[in-house]
Amino acid sequence: MFGGVVPELASRAHLAALDAVVRAALDEARVDLRDIALFAATGGPGLIGALLVGLTWTKSAAWAVGRPMVGVHHLEGHIFAIRLTEPRAIPPFVALLVSGGHTLLLHVAAWGTYRWLGGTRDDAAGEAFDKAAKLLGLDYPGGPAIERAASEGDPARHPLPRPMLHGGQRPDDPAYFDVSFSGLKTALRNRVTEVEAKGRLGDEVRHLAASFQAAAVEVLAAKALRAMEYTDCRRLVLGGGVANNAALRDVLRERMGERGELFAPPPRLATDNAAMIAAVARFRADRGEYAGLDLSARADLPLPGLMDGEYPKHGLSAC
Ligand code: KG4
Ligand code: ZN
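Position numbers for residues count from 1 along each chain, tracking the sequence in the order it is written. Written order decides the labels, with chains lettered from A and ligands numbered from 1. Owing to the predicted nature of the model, reporting of local features is limited to residues with pLDDT of at least 70; listing and counting of side-chain atom pairs is limited to 80 or more, with chain, interface and lining totals taken over all residues. Side-chain figures throughout are based on the complete set of non-hydrogen atoms in the structure, without hydrogens or water.

Draft legend 1. Local environment of the packing of helix H6 (residues 182-197) against helix H7 (residues 201-231). Axis lines are fitted to C-alpha atoms, over the contacting stretch for helices. Their N-to-C directions set the angle, which ranges from 0 to 180 degrees. Secondary structure elements follow DSSP: runs of H or I of four or more residues count as helices, runs of E of two or more count as strands, with numbering from the N terminus. Across the interface, H6 lies against H7 with an axial gap of 11 Å and an inter-helix angle of 165°. On the basis of their axis angle, the class for H6 and H7 is roughly antiparallel. Crossing of H6 against H7: the hand is right-handed. Facing H6, whose interface residues are Leu 184, Leu 188, Arg 191, Val 192, Val 195 and Glu 196, H7 presents Leu 201, Glu 204, Leu 208, Phe 212, Ala 215 and Ala 216. When residues are sorted by character, Ala, Val, Leu, Ile, Met, Phe, Trp, Tyr, Cys and Pro go into the nonpolar class, Asp, Glu, Lys and Arg into the charged class, and all the rest, Gly among them, into the polar class. Split into classes, the residues belonging to the contact of H6 with H7 amount to nine nonpolar, no polar and three charged. Small angles under 35 degrees read as roughly parallel and large ones over 145 as roughly antiparallel, with 65 to 115 read as roughly perpendicular and the rest as oblique. Left-handed is the label given to a crossing in which the near helix is rotated counterclockwise from the far helix by less than a right angle, and right-handed is the label when the rotation is clockwise. Here a residue-residue contact requires only that any non-hydrogen atoms of the pair lie within 4.5 Å.

Pasting the structure below:
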């Protein structure tokens, strides 16, 4: 274990696993490659080596059987995951995408039309969970490990800061919707050092995990609720691995009460999966947005359909 993803090893592992994974998927679905009407692969953002493996394989397969292909933005996949199980989660809504690589808050005006509200200034939410778990000696991926440990801990025992969350912030303040986790991580590290010096880390891990989770969840929930209030949206859609966190869902549900509705995909659709990529591909293909063989992967691929400028500086399209 490396406590994270090593890019070069990840690309090699993708390459080694891809044929077997495709074969198993085709077998399970009882279809032949020639039965596939539309091919799709993630074009970015992400680790370029791993992206290229999937994209190149897909281009070759689509070309070999003479079928069209679509390139998909990974985060648009996370937005569309909800469409696979929740017919009532229709735009406009606010989307909170919280994964290992990304944290962003969007106003989804329509499928394919997004306004940027806020994002992380440093670590992604899932990355923060992963780093906190590492500090506490817990397993990777850190999110589920922290959540398990926290379920037996007292979140008030080690008060930790709630970065970027203070009263008096206004929507035209760039920090209003943004989040940051590096200060929280440093505070946790300092606390771990103190507790360790007293030889009590073992006993305190669950309390430290609960305190970290409470702080991270508080910040994410507060920002998402601000976004709902600001856009006048009643619906909030979660996506990304951190959407599996029960504490996050509970706090959001409790705080929005009757005023809003939370939609979160089931765990296997919240974390990275191919079904969400297929959902976007169908949408893009319906709009005639096919990719050519010249399609290439981009580590920093921008989200398509993003309306220009920072949201608060533009007019509000009511939810
Ligand atoms: O969306 P995802 O599967 O992959 C990326 O695109 O990054 O998200 C993985 C991230 C990891 O950082 C993992 O620690 C986090 O999601 N995660 C969680 C939970 N389950 C997964 N974080 C908090 N609580 C969870 N229950
Ligand atoms: Zn993801």
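Draft legend 2. Representation of empty space enclosed by the protein within the structure. Cavities and pockets were defined on a 1 Å grid built from protein atoms only: a cavity is a group of points that admits a 1.4 Å probe but offers it no way out, a pocket is an open group of points flanked by protein on both sides within 12 Å along at least five of seven lines, and a lining residue is one with an atom within 4 Å of any such point. Grid points are joined across faces, edges and corners, and a volume is the space filled by probe spheres set on the points. Summed over the entire model, instances satisfying the criterion amount to one cavity of 30 Å³ or more. Considering only enclosed or pocket space, the largest cavity measures out at about 40 Å³ in volume. Along its surface, the largest cavity is lined by Leu 96, Thr 103, Leu 104, Leu 105, Gly 118, Gly 119, Phe 177, Val 179, Leu 220 and Lys 223. Elements represented by at least two residues in the lining of the largest cavity include exactly strand S4 (103-110), strand S5 (113-119) and H7. Top contributing element to the lining of the largest cavity by residue count: S4, with three residues.

Draft legend 3. Region of the structure containing the packing of aromatic side chains. Each aromatic pair joins two rings of Phe, Tyr and Trp (for Trp, the six-membered one) with centres within 6.5 Å, and gets the label stacked for planes under 30 degrees apart, edge-to-face for over 60, and tilted for any other angle. In this structure the tally under the stated criterion is six aromatic pairs. Aromatic side chains Phe 80 and Trp 111 sit 4.8 Å apart centroid to centroid with 50° between the ring planes, which places their arrangement in the tilted category. You can see Phe 80 sitting in helix H3 (residues 74-80) and its partner Trp 111 sitting in the loop between S4 and S5, a full 31 residues away along the chain. A relative accessible area of 0% places Phe 80 in the buried class. Among the aromatic side chains, those forming a connected cluster through ring pairs are Phe 80, Phe 93, Trp 111 and Phe 283. Note on geometry: a ring has a charge over it if NZ (lysine) or CZ (arginine) is within 6 Å of the ring centre and within 35 degrees of the ring normal. The positively charged end of Arg 83 is found above the aromatic ring belonging to Trp 111, 4.9 Å away from the centroid. Burial classes: relative accessible area under 20% of the type maximum marks a residue as buried, over 50% as exposed, and values in between as partly exposed (1.4 Å probe, protein chains only).

Draft legend 4. Quick look at the sheet that holds strand S7 (residues 261-263). Whether two strands pair comes down to DSSP finding at least two bridges between them. Strand order in this open sheet of five strands is S5-S4-S3-S6-S7, and the pairing throughout is mixed. One side of each edge strand has no neighbouring strand; the edge strands of this open sheet are S5 and S7. Between one strand axis and the next, the sheet turns by 25° as a mean value, whatever way the strands run. Two elements, strand S3 (residues 93-98) and S4, share six bridges in a ladder whose sense is antiparallel. Note on S4: the bridge partner recorded for Leu 96 is Leu 105.

Draft legend 5. Up close: the layout of surface pockets. Volume-wise, the second largest pocket comes out at about 260 Å³. In terms of lining, the second largest pocket is formed by 19 residues, of which the most central are Leu 75, His 102, Thr 103, Leu 104 and Trp 116. Every element with two or more residues in the lining of the second largest pocket is listed here: S4 and S5. Considered class by class, the residues forming the lining of the second largest pocket number nine nonpolar, six polar and four charged.

Draft legend 6. The arrangement of a nonpolar patch on the surface in detail. Taken together, the side chains of Val 5, Leu 47 and Tyr 140 make up a nonpolar region of the molecular surface, amounting to roughly 250 Å² of accessible area. Examined against the element boundaries, Tyr 140 turns out to sit in the loop between helix H4 (125-135) and helix H5 (142-150). For Tyr 140, a relative accessible area of 32% corresponds to the partly exposed category. Excluding any residue in a salt bridge, patches collect residues exceeding 30% relative accessible area, merging like charges within 9 Å and nonpolar Val, Leu, Ile, Met, Phe, Trp and Tyr side chains within 5 Å. The method behind every accessible area is Shrake-Rupley, applied with a 1.4 Å probe, and residues are considered shielded solely by the protein chains displayed. Whenever Lys or Arg places a side-chain nitrogen within 4 Å of a carboxyl oxygen from Asp or Glu, that contact is recorded as a salt bridge.

Draft legend 7. Main features of the coordination of the zinc ion (ligand 2). Sodium, potassium and calcium take a 3.2 Å donor cutoff, other metals 2.8 Å, and in both cases only N, O and S atoms count; water is not among them, so sites may look incomplete. The protein atoms that coordinate the zinc ion (ligand 2) are His 74 (NE2), His 78 (NE2) and Asp 272 (OD), at distances spanning 2.0 to 2.2 Å. Under the classification used here, a metal with four donors is tetrahedral if each angle lies between 85 and 135 degrees, square planar if opposite donors are over 155 degrees apart and the others between 65 and 115, a six-donor metal meeting that same test is octahedral, and anything else is irregular. Taken together, the four donor atoms surrounding the zinc ion (ligand 2) define angles of 97 to 150° at the centre, an arrangement classified as irregular. Mapped onto the polypeptide sequence, the residues donating to the zinc ion (ligand 2) form the spacing pattern H-x3-H-x193-D. Of this pair, His 78 sits in helix H3 while Asp 272 sits in the loop between helix H9 (267-270) and helix H10 (274-286); the two residues are 194 residues apart in sequence, bridging distant segments of the chain. Exposure remark for His 78: the relative accessible area of 1% places this residue in the buried category.

Draft legend 8. Here's a closer look at the pattern of salt bridges. One pass over the structure, following the stated rule, counts 16 salt bridges. One salt bridge in this structure joins Glu 204 and Arg 157, with 2.5 Å as the shortest N-O distance. Remark: Arg 157 occurs in the loop between H5 and H6 and Glu 204 occurs in helix H7; sequence separation between them is 47 residues. Arg 191 is paired through a salt bridge with Glu 194; the nearest N and O atoms lie 2.7 Å apart. Pair noted here: Arg 191 and Glu 194 are both in helix H6, with a separation of three residues, about one helical turn. A residue is classified by how much of its surface remains accessible, and Glu 194, at 40% relative accessible area, is partly exposed.

Draft legend 9. The arrangement of the site of ligand 1 in detail. Around ligand 1, the surrounding shell holds 21 residues, and the nearest of these are Gly 100, Asp 130, Gly 143, Glu 147 and Asn 245. A distance of 2.9 Å is found between an oxygen atom of ligand 1 and a backbone nitrogen or oxygen belonging to Gly 143. Calculation on ligand 1 without its partners gives an accessible area of 550 Å², and the protein chains cover 87% of this total. Elements that contribute at least two residues to the shell around ligand 1 include exactly H3, H4 and H5. The nearness test applies per residue and asks whether one of its heavy atoms lies within 4 Å of the molecule or strand. We define a polar contact as two N or O atoms separated by no more than 3.5 Å, with the added condition that, inside protein, one atom must be a possible hydrogen donor and the other a possible acceptor, whereas residues neighbouring each other in sequence contribute only through side-chain atom pairs.

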